[in-house]
Protein chains: 2
Amino acid sequence: MTYCVAIKLNAGLVFLSDSRTNAGLDHISTFRKTIVYERPGDRFMVLLSAGNLSISQSIREILQVEKLQDPDSNEPLTIWNAKSMFDAARVLGSAVRRVHERDAQALRLSDVEFNVSMLFGGQIQGEGMRLFQMYSAGNFIEATTETPYFQVGESKYGKPVLDRVLTPETPLEEAAKCALVSMDSTMKSNLSVGFPLDLVVYECDQLHSDKLVCIDQDNPYYRMMHNNWGQKLRQVFDSIEDPVWDDSHTETPLKMPAERHAQMRKIHNPNEKLI
Amino acid sequence: MTYCVAIKLNAGLVFLSDSRTNAGLDHISTFRKTIVYERPGDRFMVLLSAGNLSISQSIREILQVEKLQDPDSNEPLTIWNAKSMFDAARVLGSAVRRVHERDAQALRLSDVEFNVSMLFGGQIQGEGMRLFQMYSAGNFIEATTETPYFQVGESKYGKPVLDRVLTPETPLEEAAKCALVSMDSTMKSNLSVGFPLDLVVYECDQLHSDKLVCIDQDNPYYRMMHNNWGQKLRQVFDSIEDPVWDDSHTETPLKMPAERHAQMRKIHNPNEKLI
């Protein structure tokens, strides 16, 4: 499995991926799932991938040389000459479809689904930052201010903290912290997501970034965040009072008089009917 | 969708379910998923169900009268005469299989999977408390001290807090709070899980319980817990320092010298090869 998250803020973009892949539980390996395409001053793009590794590796190999014939322009589109991130995403979609043409039928004969999903975001000179989620069919959707992040892979464990924290106004470093906390919750609950992590932070309009880092279990910041989050979460949990059933001595009774047994189906003998 | 969680502690059992069902997004209804079977002083059992509602309702209807022929005993087994929770779980499994015989083929013809999963726990006089998770095939597994809880339905959003808090030594009221926090995270991230909630707390060896409560959005305890958890989680998040890229002025640098760009695949021009 995999967990990847990408966040689009007013201040920039954040990308985070783990690097564990598994084919069954007894074949676990490390493969990097983040790749950066950069021509400083002109374009900065990041691709995160989840799903079947043979498919995503083929797509990334092809993407480097993929040319999309476009009726509106003289020369074929590539990710290196596209004038917008939307066009670059179309090139990526075309690479996905090319791999589908090559492999999907043979995979189907082996009962393997053509399963890949990707996050692709960045900025090309002349337009704002954009972030896309790409599906196996090569179609894609774009992040908006209402939905400032996308996840692919094992996304559910780490979603609550993203929902609680992220807005387009969130500062860049805070969003990076949020992505790391989200990853931490995911790794705690799912063995198939694991170190090392790849983190990329891109500041709006810079058209390059040096904020790329590979994080393993010895990373001082990650260790501090992991320990603090775990301990303090536990403190918060402990600080909330336990439920009190007796309704007469508390401002926050769990059971109010009117609710006693209300609607709960309690059956006392075999001849009693279900309500 | 549904979210149900059941916890087995040394001190007792906790059961919590939501009550939302949906057939697509435009057909959302409220159905209770918790049912209590009690003969005070003799047995106390709770059943939580997730999956296809027509299947789980049929199973519950049948369970009341289900008789399992058992070569080891003279009279047929029912949930009301079973001498152990294990035997009661076998009766439930038999009810699941009876509904499968009746409905599975017709469902398959409509491309509907025979999908049901249940949590079934309690205590029968003469033995300890037991907790089972039942699958669609009528087979089941039992909770142990290493795995003190089971979830069915939309389980992932609410799993991290259970993993962080629960052990067999956890007090009963604290475990009830933990289940409610887990439900709160699930409802925050998934629309298909919703109020009202049914909570049952059973104290070891009591063989009956009055700690049954139906919780809606106006419940004072739930509101207090929900607000406190959200606010304090945010405070904890804010209290953890943001990542610092410069490695010279902090004890917890995100990027260590040796890790700069380490292994990150960054591609600068179309002719560069993937590593």
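Preceding this section is the structure that the text describes.
Worth saying up front: this structure is predicted, and the values here are computed from it rather than measured.

1. With respect to the relation of the copies chain A and chain B
Then, number 1: By a simple turn and slide, chain A fits onto chain B: the slide is 0.0 Å along the axis, the RMSD is 0.0 Å, and the turn is 180 degrees. Taken together, the rotation angle and the small translation identify this as a two-fold axis. Relative to the rotation axis, the C-alpha of Tyr157 of chain A is the closest in chain A, positioned 2.3 Å from it.
Then, number 2: Comparing contact sets, 100% of the residues at the interface of chain A also lie at the interface in chain B, consistent with an isologous, same-surface contact.

2. Remarks on the interface of chain A and chain B
Then, number 1: Opposite the 66 residues of chain A that make contact, chain B presents 66 residues.
Then, number 2: Taken together, the elements giving at least two residues each to the side of chain A that touches chain B come down to strand S5 (34-39), helix H1 (53-63), helix H3 (159-165), helix H4 (172-189), strand S12 (212-215), helix H5 (220-239) and strand S13 (265-267) of chain A.
Then, number 3: A total of 13 residues in the side of chain A that touches chain B trace back to one element, the largest contributor, which is H5 of chain A.
Then, number 4: Split by residue class, the side of chain A that touches chain B holds 30 nonpolar, 13 polar and 23 charged.

3. What to know about helix H4 (residues 172-189) of chain B
The periodicity of an α-helix, 3.6 residues per turn, causes residues three or four positions apart to be oriented the same way.
Then, number 1: Here H4 of chain B contains 18 residues, and its C-alpha end-to-end distance of 26 Å stays within 8% of the 26 Å for a straight helix at 1.5 Å per residue.
Then, number 2: Taking burial as the measure, the 18 residues of H4 of chain B include 15 buried ones, the bulk of the element.

4. Structural notes on the sheet that holds strand S1 (residues 3-8) of chain B
Residues and elements named next belong to chain B.
Then, number 1: Ordered in space as S10-S1-S2-S11-S12, the five strands form an open sheet in which the pairing is antiparallel. The open sheet terminates on both sides in strands that have one partner only, identified here as strand S10 (149-153) and strand S12 (211-215). Across the sheet, the mean angle from the axis of one strand to that of its neighbour is 10 degrees, orientation sign disregarded.
Then, number 2: Relative to strand S11 (residues 197-203), strand S2 (residues 12-17) runs antiparallel, the two sharing six bridges. Of the residues in S11, the one forming a bridge with Phe15 is Val200.
Then, number 3: Here H4 sits on the sheet in contact with S1, S2 and S11, set at roughly 20 degrees to S2.

Scoring rules and cut-offs
- Residues numbered from 1 in each chain as written.
- Chains lettered and ligands numbered in written order.
- Predicted model: local features only at pLDDT ≥ 70, side-chain atom pairs only at ≥ 80, totals over all residues.
- Least-squares fit on C-alpha atoms with pLDDT ≥ 70 in both.
- Contact = placed C-beta atoms within 7 Å.
- Helix = DSSP H or I, 4+ residues; strand = E, 2+ residues; numbered from the N terminus.
- Nonpolar A, V, L, I, M, F, W, Y, C, P; charged D, E, K, R; others polar.
- Expected span 1.5 Å × (residues − 1).
- Buried ≥ 20, exposed ≤ 12 C-beta atoms within 10 Å, placed from the backbone.
- Pairing = 2+ DSSP bridges.
- Axes fitted to C-alpha atoms, helices over the stretch in contact; angles between N-to-C directions.

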